[in-house]
Structure formats: C-alpha cells, structure tokens
Amino acid sequence: MSLAIISSLYRCEEYLRAYAAAVFGFAKRLSETGIEVHYLPILNDATRGEREQIERLAREINANYYGRMTPKLVPRESLYASWNRGIALTQAPFFAPWNADDIRSADAVVEGYQALRSGADLVDFNYTRVMRYRRLGLLPRARRNLVPCPYHQARFTRRNGLSPFFMASKTLLNRAGPFDEQFQVAGDMEFASRIQATARFQAGSLPGGDFFVHGSNLSNSGADREEIEVNIIFMRRGDWKQLRPAEPRALREAWESWGNRAGIALPAAVDDFLWGAEAEGRWRRYRQERRQPPLMRRLRLALASRGWMRSEEWAMAQRGRDL
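Keep in mind the model is a prediction, meaning the values are calculated, not measured.

## Description of the overall build of the chain
Reasoning step 1: Within the chain one finds 12 helices and 12 strands.
Reasoning step 2: Expected size for 323 residues packed as a compact globule is a radius of gyration near 20 Å; at 21 Å, the chain falls within 12% of this value.
Reasoning step 3: Oriented by its inertia axes, the alpha-carbon framework of the chain measures out at about 65 × 50 × 40 Å.
Reasoning step 4: Taking the intrachain contacts of the chain between residues at least 6 apart in sequence as the baseline, contacts between residues at least 24 apart amount to 74%.

Next comes the structure, spelled out in structure tokens:
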C-alpha cells in the first residue's frame, strides 16, 4: 500500500451514507491513478448501524479492487489516539485523515501524494468551508468560502495549524513524535507546532476538500475544551501573546495534570491573566461576545476600535502586546 486514509469514527451514523458514497467514488478515482490506498476506518464504540454501513463499504471497495479497507473496532478513544492507531496498523509510508462529515478531493490527494513521493513530508491545502443554514427558517442553503491553507512554515499563531485535509509522511512522525493523545480537539494544531522547524512542507495548488460546519464539529466550534487546548499549545511555546480567556479552573487543572510536561514556570502576569481573581469574569464576557451573531460581533469590534464601546475580545488583541 502507498497511502493510508484514516477515519476516526464516533457517533457519526447520520453522516455515514454521504461519507460512504464519497469514499467509494474517491477509491474508484484513486485506483485509476495506480495509487494503492489502505482505508482504515477506526470505529470508536460503534453502534450496530455504524458497523453495518462500514462493513458494507469495505466489502464493496475490496470486491472492486479499489484499494483495501480494513475497519478496526475499538473502545472509545481520542481522535488522535485513533490516528496513531491507524498509522501503526498500516505499512503505507504516507497518510491522510478523513473526517466522516467532510469530503476529500481525489485530485488534491493525487497532487499531495506526488509531492510526498518527491521529497516533501507534509502537504496541506486551502479548502472550502461550507456553512449550512436555513433561509427565513425554511429553505436549506449553503454558503461556501475558500479558506487559505493554514499551515505556515515561518509563522505560528492561533490562525495557523493544519487543515482537515493535510497529508504527511511517517518519517515526519518518526522525527517529531506521534500525535499527543491527551488532546481531544486541537491535537493536529499541537502537532503542527512541533514540526514547524523541521517539516519539508509543500502547499497544494488545489482545494483539499469541503469542510462542513454544522454545529457539531469537533474543532472550529469555539467550545471551552478547544480554547483550553489551544492555550496549552501556546503556553508550552512560551508565546503569551496568543493566550485568550478560557474557563480558569478547567484550564489550570489541565495545565497542571497533563499540559505542563516540561515544568514551565509561568510569569506572574500570565498566571494572573489565566486564573487570577478577574479571570472568570473576563472569560465569561469574552465567551459571550464570541458567541454573538456575526453582524453584531463585527459592529461591536468596530465600535470598540474607536473607543466607543467596551469589548473583551478587542481588549485581548491589545493586551497581547503587553503580556
């Protein structure tokens, strides 16, 4: 096998029909290029319906010689534990993730595979974010926006990391270490923070696929756990300017129990900012602002930039220069 496609699946039955159709078409297209693909669905605590749909898909792919699919049933584990498991289960030198609620572009994967074979060990792409909504509460609509490739070889901020459509070589993991399984949401971003100095990176020219925003996404949701994990990434790096308010007690517990592996001593100002006396009120105001509708949020930031309104979100951008 030349390339492994790894899917960590958990309580995703509502997406599996579309996922199965997309994977089958993708597998047919990749088989026509001569790329041998090992498909590894890792089923976390799977329901009977999930098992049946994936087993049916595996029979169809294997019977048509569109690559090889070997589903793996496991107890529930983190997304990044499933990725590590899939990487360990395959002999393929290259791998790429595929979330059940996204659609990968076969042409982009062909481009990425060729780049990896030519010496790159990380390929990432721009991609399409698809926002689903109902117009006037009735008619289903989708808003599509092209998102630039987030990975940057020389810059690492909260806007950087990896897209859902990256591809990589096993040799990169051998140098940097596996995905950190303590992370539940931002483990791909944490991995990107570790490989920045050593990855042989190539940006793809094609969009990597469609990332669907539906309200139940693991990442890019603004959830409390995501904010905590992203803070821990930058705390490990000592990059205090990138820190943002998070639930203070949960952040401190995570940092002290598993996040601070290197025994980092935080500066007093950072310690106070993250979980001092004012931290919980700041976090509640910040979270409330971030969850406002986009139009209201833009208006508030515009007014705050002129000094006409107090905004915790605006204050964060200014405070970051002083921490």
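Let's pick the thread back up.
## So, the pairing of strand β2 (residues 37-44)
Reasoning step 1: The buried count for β2 comes to eight of eight residues, which makes it a mostly enclosed element.
Reasoning step 2: Of the two faces of β2, the one holding V37, Y39, P41 and L43 and the one holding H38, L40, I42 and N44 are both buried throughout.
Reasoning step 3: Looking at chain direction, strand β1 (residues 3-9) and β2 are connected through seven bridges and run parallel. Bridge pairing in β2 links A4 to H38.
Reasoning step 4: Following the chain from β1 across helix α1 (residues 13-33) to the adjacent parallel β2, one finds a crossover that is right-handed.
Reasoning step 5: Where β2 meets strand β4 (residues 72-74), three bridges bridge the pair, whose relative direction is parallel. By the bridge assignment for β4, L43 is matched with L73.

## Focus: helix α2 (residues 48-63)
Reasoning step 1: Between its first and last C-alpha atoms α2 spans 22 Å; for 16 residues at 1.5 Å apiece the expected length is 22 Å, and the two agree.
Reasoning step 2: Among the residues making up α2, those that are buried are G49, E50, Q53, I54, L57, A58 and I61. Axial view of α2: buried residues confined to an arc of 165°, hence all on one face. Of the exposed residues in α2, those oriented more than 90 degrees away from the buried face are R48, R59 and A63.
Reasoning step 3: The inward-facing, buried residues of α2 abut β1, α1, β2 and β3 (68-69).
Reasoning step 4: Backbone geometry just after α2 places Y65 at a positive phi near 60°.

## Focus: the nonpolar core
Reasoning step 1: Counting 47 residues, the largest nonpolar core has F95, L122, F179, M235 and L274 as its most contacted members.
Reasoning step 2: When sequence neighbours within four positions are dropped, the list of residues in contact with L274 reads N231, M235, L243, P248, L251, L266 and A279.
Reasoning step 3: Formed by 44 residues, the second largest nonpolar core is a distinct cluster that contains A100, F125, Y127 and F211.

## Observations regarding the packing of aromatic side chains
Reasoning step 1: This model, assessed by the stated rule, comprises 18 aromatic pairs.
Reasoning step 2: Ring centres of Y151 and F201 lie 4.7 Å apart, and the angle between their planes is 55°; on these two criteria the pair is classed as tilted. In this pair, Y151 is assigned in the loop between β9 (139-147) and β10 (167-169) and F201 in strand β11 (residues 201-203), connecting sequence segments 50 residues apart.
Reasoning step 3: By relative accessible area, Y151 is classed as buried at 5%.

## With respect to the pairing of strand β12 (residues 209-213)
Reasoning step 1: Where burial is concerned, most of β12 is hidden: five out of the five residues are buried.
Reasoning step 2: With three bridges joining them, strand β6 (residues 102-104) and β12 adopt antiparallel strand pairing. Bridge pairing links I103 to D210 in β12.

## Thoughts on the pattern of salt bridges
As a working rule, side chains carrying opposite charge can pair if their charged atoms are close by.
Reasoning step 1: Taken as a whole and judged by the stated rule, the model has 26 salt bridges.
Reasoning step 2: Its salt-bridge partner being K28, residue E32 comes within 2.9 Å of it at the nearest N-O pair. With E32 and K28 both in helix α1 and four residues apart, this pair spans about one turn of that helix.
Reasoning step 3: A single salt-bridge network, built from bridges that share partners, covers D180, E190, R194, R236 and R261.

## Some words on unusual backbone geometry
Reasoning step 1: A positive phi angle is found at R11, which is not glycine, with a value near 50°.
Reasoning step 2: As for its position among the elements, R11 is in the loop between β1 and α1.
Reasoning step 3: Take R11: its relative accessible area is 42%, and that puts it in the partly exposed class.
Reasoning step 4: A positive phi is found at D45, a non-glycine position, where the angle reads about 45°.

## A closer look at the side chain of S163
Reasoning step 1: Relative to the assigned elements, S163 resides in the loop between β9 and β10.
Reasoning step 2: Since its relative accessible area comes to 1%, S163 is described here as buried.
Reasoning step 3: Within the structure, S163 has its side chain in polar contact with the side chain of D124 (distance 2.5 Å).
Reasoning step 4: In this structure the side chain of S163 is engaged in a polar contact, spanning 2.9 Å, whose partner is the backbone nitrogen of F165.
Reasoning step 5: With residues up to four places along the chain from it excluded, the contact list for S163 reads D124, F125, Y127 and P150.

Rules behind the numbers
Residues numbered from 1 in each chain as written. Predicted model: local features only at pLDDT ≥ 70, side-chain atom pairs only at ≥ 80, totals over all residues. Heavy atoms only, no water. Helix = DSSP H or I, 4+ residues; strand = E, 2+ residues; numbered from the N terminus. Rg over C-alpha atoms; globule rule 2.2 N^0.38 Å. Contact = heavy atoms within 4.5 Å. Buried < 20%, exposed > 50% of the residue type's maximum accessible area, 1.4 Å probe, protein only. Pairing = 2+ DSSP bridges. Right-handed = clockwise from strand over helix to strand, strands pointing away. Expected span 1.5 Å × (residues − 1). Arc of directions from axis to C-beta. Core = buried A, V, L, I, M, F, W, Y, C linked by side-chain atoms within 4.5 Å. Phe/Tyr/Trp six-rings, centres within 6.5 Å; stacked < 30°, edge-to-face > 60°. Salt bridge = Lys/Arg side-chain N within 4 Å of Asp/Glu carboxyl O. Polar contact = N/O pair within 3.5 Å; in protein donor to acceptor, adjacent residues only side chain to side chain.

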